[in-house]
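One-letter residues, chain by chain:
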Amino acid sequence: MAAPESDLKGNKGGQRTQRDDRGGARGGFIAVAANAAAATAPRLHGNTSSPRLSPAPGPPRRHLTTTAARIWTCLERYFVPKDLGPGTIEAVGTQDPENMGTGVPASEQTSCAKGDPQVYCPDNAGGTEAGQVTDCDSPEDNRPLSEPGCSNPQDCGQLMASYEGKAKGYQVPPFGWRICLAHEFAEKRKPFNANNISLSNLIKHLGMGLRYLQWWYRKTQVEKKTPFIDLINCVPLRQIYGCPLGGIGGGTITRGWRGQFCRWQLNPGMYQHQTVIADQVRTSSSQCACVGKGRLCTSKSCLWSAQVSYAAGTGACVGTLHSTTPSIPEPGLSISFLVRMSPLPVARSHPSCPMTTSSLPVGVFVWDVENEGDEALDVSIMFSMRNGLGGGDDAPGGLWNEPFYLERDGETVQGLLLHHPTLPNPYTMAVAARLTADTTVTHITAFDPDSTGQQVWQDLLQDGQLDSPAGRSTPSQKGVGIAGAVCVTGKLPPRGQCRLEFSLAWDMPRIMFGAKGQVYYRRYTRFFGRDGNAAPTLSHYALCRYTDWEEKISAWQSPVLDDRSLPAWYKSALFNELYFLADGGTVWLEVPEDSLPEELVGSMCQLRPILQEYGRFGYLEGQEYRMYNTYDVHFYASFALVMLWPKLELSLQYDMALATLREDLTRRQYLMSGVMAPVKRRNVIPHDIGDPDDEPWLRVNAYVVHDTADWKDLNLKFVLQVYRDYYLTGDQGFLRDMWPVCLAVMESEMKFDKDQDGLIENGGYADQTYDGWVTTGPSAYCGGLWLAAVAVMVQMAVLCGAQDVQDKFSSILRRGQEAYERLLWNGRYYNYDCSPPPQSCSIMSDQCAGQWFLKASGLGEGDTEVFPTPHVVCALQTIFEFNVRAFAGGAMGAVNGMQPHGVPDRSSVQSDEVWVGVVYGLAATMIQEGLTWEGFQTAEGCYRTVWERLGLAFQTPEAYCQQRVFRSLAYMRPLSIWAMQLALQQQQHKKASRPIAEQGTGLSTGPKLGPKEAMANPK
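1. Description of a nonpolar patch on the surface
A surface patch of nonpolar side chains, about 380 Å² in accessible area, is lined by Leu206, Leu210, Leu213 and Ile232. Tracing the chain through its elements places Leu210 in helix H5 (residues 206-222).

This is the structure:
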């Protein structure tokens, strides 16, 4: 995002003194400098005056919101010369701090810089267009129920008020997650632990706690493995994360929103949360040396430690699926730097881009540099990278670097290869720059990343370039680190601009999981080879094609971004939550032909073609809950996959079907109950496909808390997803292949209907996805899923011509509907279960999950109605009144359980939590039933809480409580926000009476023929 023109002019020829680092920016910062052809301009110094908000003599008034005014305060304090005359600002269009439309609690509506509020608008700030902000009216005041929200870019920018000026360069889209680079989140929460459990719940789970401690000790101290859920060593809060680099399944490197490289997933499914200080982008010259916005510290002891000290308001980070864009005006020079990380992994992976690009482990950094002065400049930017992450990662030694030069199709890329041959998963990383007629690329092959960095800085300070020694470096010794750097230099004409382009690629083609029992090859090796020498080609491919990717991404996103009926926060949430499809420990693997069992392949005609053509896909339940394809949670997250990458969803479903038909009778102890039971029984859906620290796909069900063979929801969720996937893809072969599996799992489920009334009963323990919330007898959640699955079986029986099955399930459905309404409906909502009060009276936010999936599958109304529509609408209105509006002032989403007297249900460790993915699914259900405004209000509370209040961007947790704690960072379930998008599209389809299907966009998804017509008219 370009800096405002007024900022640039107000900052001509100056620099500020160093300020303390504002936390979290230890490394990976953005640092820039330029070599001016003319003499250095005069320095800036702070302005101690405090212009008031009241009218005063001066230039015409500039209109700003209070937030924007505070940003100008920061600019004035650090970068405005004293000799500039005072401007006048009038704050208009502000909102009530308690109105959720502001997005920031009143307690957090403070200026970025500490001190009394001050504002400044320089004389040459331009017209009112650059400063005026028109806020959306409060939805509660005048928005009709059919309107989800007004589309104003400002309502997604509370952490960084409007900061797009007139400077040239790539213009960041107005919608996205925005944050001031100096922002500090006031609220510091902690991970959920035993201290947060009530005494009554602690007593209930005492046995489980003791068994877990024994299991944890055996796993960590005896087996030397990491627990799939480590309750002892939770990932601490770090409010620093931005968008990840890397495509689907090739590993990811996450950059912080201040620029640091801080979260790594190169080994499949295994995360390292550490900032590598040598991984930086910076530059220097003989005339000036700047690091971020702070003066370069030349002390030997802290040369490498020179960190970003962004003055509040001097830069912004905008996170969108398209790009992560820090924008900084450079003090002391009439230039501004705009860097974008482009394109982001999941966006690049959309079907509108070629399949070749979807899985590539590469990212591109594009620097657009603008010169608003009258002197020519030479600009140098240097990108340094450590070979490895330091510590044990580098301890074996033998790491080495070498330069490379690749010319192909008239385009040249030059850079450095960092070879990391450590077993079992060796890789090569490439730091590269694009060489053009106007740029020069130089490098330093090796330096000590644990030293002060004197060698690198002295080299760069001499002439703005590096020495570029020839040949490879000497392999590193044990325990000694090695790093390298690439520098690109360009000429910046007066009043002109230039573009400098870097790429970062890593080539780890061959992987082994933790058990080291089988070799796999990543998806991208299909296009770039398995030999481990593809890093230069990957760099060249990305640098030459990223502009085409960006155009396709923009075309893909535009139907949503251009829709003025959608609120800006929703646009940010919809695309940014997709980060997890790449950064969920994701793997996308090639499937060898001999790896599929013949006895099972024969019964599923499309299994082999699907898996061999589209590969094997897996993503974790969460970065802290390390299990692949956790199916009870994928039930919610799957909307993103089936709407955007439907073939990957089908591939996952085939893998799940294969695992269902297998068994593993090895007995083990389950932690919650203490009973011994088999790992996996035949004809029941597994909880997960395995732990990446073990051998996923070969050994399933890494989850040892409950014996999930007796869970009531897994089998039902498989049936519902099969039909939903068929409905949205129109794939008849898939439905035929899954039909026998659906019959098998529903037969297994029948045993839970003990009284033969057509409705299953829960077992008196936490036997569903709410694995800490006990459910007894018929329940709203599992009972509703059961009825929905039975209704779907009726529809599938019709499509598959199975009249006897149709009659059987039609009978069960009639009896089950009567029992469900009689036992659970209380006049306002469906009771939680049939246990004694007060637990049974709890208002569960997820009670309409069955209806949600029916409507998403084109069922649930008219002839296919299962739950009476008036009851569904009444229940949703009750949830909105109690679980949303009566909880935390209506600003934090929907609490899982609420007592009818307006107090959160604290009968379990999960009933008083907010589950973000459940809330998005609830919002989708509300939209389906015509409660659009309520749906958006409900979902907005979660987005504002996670992304703007708690600082959990790009690490959306599974859960948070009203106060103090969160649980399980970076979780799968919030991908359910794409169910909201599907509900909106279906709503538009009803209004327009036209097909909702248009395959390949993901933003207009559905079968071109209805289910019955599709089966009757095969292609």
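Past the structure itself, the notes keep going.
2. Examining unusual backbone geometry
Residue Pro424 is reached from Leu423 by a cis peptide bond, and omega for that bond is 10°. Mapped onto the elements of the fold, Pro424 is located in the loop between strand S19 (411-420) and strand S20 (427-435). Cis peptide bonds are those with omega within 30 degrees of zero, and the linkage from Pro837 to Pro838 qualifies with 5°. Within the secondary structure layout, Pro838 lies in the loop between helix H20 (803-824) and strand S32 (843-844). Despite not being glycine, Gln756 has its phi angle at roughly 55°, a positive value. Assignment of secondary structure puts Gln756 in the loop between helix H18 (732-749) and strand S30 (762-765). The backbone phi angle of Arg964 is positive, close to 75°, even though this residue is not glycine.

3. So, the nonpolar core
Where a protein is soluble and globular, its nonpolar side chains tend to be buried together. Counting 230 residues, the largest nonpolar core has Leu504, Phe718, Trp786, Met796, Trp978 and Met980 as its most contacted members. Apart from the residues lying within four places of it in its own chain, the contact partners of Met796 are Val719, Val722, Tyr723, Leu735, Trp739 and Cys742. Ranked by size, the runner-up nonpolar core spans 21 residues in total, among them Val362, Ala430, Ala505 and Ala535.

4. With respect to the confidence of the model for the chain
On average, residues of the chain score 79 in pLDDT, and 73% of them reach the 70 mark or higher. Contacts of residues 1-157 to residues separated by more than four positions or lying in other chains number 410 contacts, the stretch itself having pLDDT below 50. Throughout residues 1005-1019 the model reports pLDDT below 50, and contacts reaching past four residues in sequence, or to other chains, amount to 37 contacts.

5. Examining the side chain of His540
If you trace the backbone, His540 turns up in helix H10 (residues 535-561). By relative accessible area, which is 4% here, His540 ends up buried. In this structure, His540 is in contact with Leu406, Arg408, Glu411, Thr412 and Val413, ignoring residues within four places of it in sequence.

6. Digging into helix H23 (residues 916-928)
Over its 13 residues, H23 extends 19 Å from the first C-alpha to the last, a length consistent with the 18 Å expected when each residue adds 1.5 Å. Extensive coverage of H23 is indicated by the burial of 13 of its 13 residues. The first or second residue beyond H23 is Gly930, which carries a positive phi of 85°.

The rules we used
Residues numbered from 1 in each chain as written. Predicted model: local features only at pLDDT ≥ 70, side-chain atom pairs only at ≥ 80, totals over all residues. Heavy atoms only, no water. Patch = residues over 30% accessible without salt bridge, like charges linked within 9 Å, V, L, I, M, F, W, Y side chains within 5 Å. Areas by Shrake-Rupley, 256 points an atom, 1.4 Å probe, with all protein chains shown as cover. Salt bridge = Lys/Arg side-chain N within 4 Å of Asp/Glu carboxyl O. Helix = DSSP H or I, 4+ residues; strand = E, 2+ residues; numbered from the N terminus. Core = buried A, V, L, I, M, F, W, Y, C linked by side-chain atoms within 4.5 Å. Buried < 20%, exposed > 50% of the residue type's maximum accessible area, 1.4 Å probe, protein only. Contact = heavy atoms within 4.5 Å. pLDDT = per-residue confidence, 0-100. Expected span 1.5 Å × (residues − 1).

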